[in-house]
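Here are the chains, one letter per residue:
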Amino acid sequence: MSNDQRGIFVPAEYVRALNGNSNAAIYLAMLVKGQSSEDCWFGFAEEVIESNTGLNKGGQASARNLLTRLGVIDYTYKGSPRLPWVRVNKYVLAALIKRSHGENHG
């Protein structure tokens, strides 16, 4: 990835849906950007996430734990070398966004 492609746009609706947890929102935005299709697992290196978002491994782990607990992502390790693989559940994400939108505007 070249320097001009680094960075990520984080929708405010992600931050609201995650109760203001900006690290989880940043991590989620990066994953959504990386997922090519609806139910697609994909692998990534934590170093790539860090270079694009600024989230170190600890910040990523915290975000990943919250998103997994909420059901927004499925997460595992695969392959050799062992790399993280993730899948975003866009239905759960949409439900969280809808719920937070109702809470903020209801």
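Here, every reference points to the structure presented above.
Residues numbered from 1 in each chain as written. Predicted model: local features only at pLDDT ≥ 70, side-chain atom pairs only at ≥ 80, totals over all residues. Heavy atoms only, no water.

Help me out: how do you make sense of unusual backbone geometry in this one?
Where the residue is not glycine, phi is negative for most of them; where a peptide bond is considered, it is trans in most cases. In this chain, Ser80 is followed by Pro81 through a cis amide linkage whose omega measures 5°. Counting through the fold element by element, Pro81 comes out in the loop between strand S2 (73–78) and strand S3 (83–88). (Helix = DSSP H or I, 4+ residues; strand = E, 2+ residues; numbered from the N terminus.)

Honestly, the packing of aromatic side chains in this entry has me stumped. Any pointers?
How two aromatic rings sit relative to each other is set out by the distance from centre to centre and by the angle between their planes. Under the definition given, this model contains 2 aromatic pairs. Between Phe42 and Phe44, the ring centres sit 6.3 Å apart and the planes meet at 50°, which makes this aromatic pair tilted. An identical accessibility class is assigned to Phe42 and Phe44; each is buried. Summarising the aromatic geometry, the rings of Tyr75 and Tyr77 are spaced 5.5 Å apart at their centres and angled 80° between planes, so their arrangement reads as edge-to-face. Using a relative accessible area of 21% as the deciding quantity, one classes Tyr75 as partly exposed. The positively charged end of Lys78 is found above the aromatic ring belonging to Trp41, 4.9 Å away from the centroid. (Phe/Tyr/Trp six-rings, centres within 6.5 Å; stacked < 30°, edge-to-face > 60°. Buried < 20%, exposed > 50% of the residue type's maximum accessible area, 1.4 Å probe, protein only. Lys NZ or Arg CZ within 6 Å of the ring centre and 35° of its normal.)

Looking at this model, I keep getting lost on the packing of helix H2 (residues 22–34) against helix H3 (residues 46–53). Mind explaining?
The packing of two helices is summarised by the inter-axis angle and the distance between the axes. Where H2 contacts H3, the axes come no closer than 11 Å and their chain directions differ by 115°. Put simply, H2 runs roughly perpendicular to H3. Of the two possible hands of crossing, H2 and H3 adopt the one that is right-handed. Seen from H2, the contacting residues are Ile26, Tyr27, Met30 and Leu31; seen from H3, they are Val48, Ile49, Asn52 and Thr53. In terms of residue class, the contact of H2 with H3 is built from 6 nonpolar, 2 polar and no charged. (Axes fitted to C-alpha atoms, helices over the stretch in contact; angles between N-to-C directions. Parallel < 35°, antiparallel > 145°, perpendicular 65-115°, else oblique. Left-handed = near helix turned anticlockwise from the far one by under 90°. Contact = heavy atoms within 4.5 Å. Nonpolar A, V, L, I, M, F, W, Y, C, P; charged D, E, K, R; others polar.)

Just checking my understanding: could you explain the nonpolar core for this structure?
Counting residues in hydrophobic clusters, the biggest one holds 26 residues, and the most contacted among them are Tyr14, Tyr27, Leu28, Leu31, Leu67 and Ile73. Not counting the four nearest positions on each side in its chain, Ile73 is found in contact with Tyr27, Leu31, Arg64, Leu67, Thr68, Val86, Arg87 and Val88. (Core = buried A, V, L, I, M, F, W, Y, C linked by side-chain atoms within 4.5 Å.)

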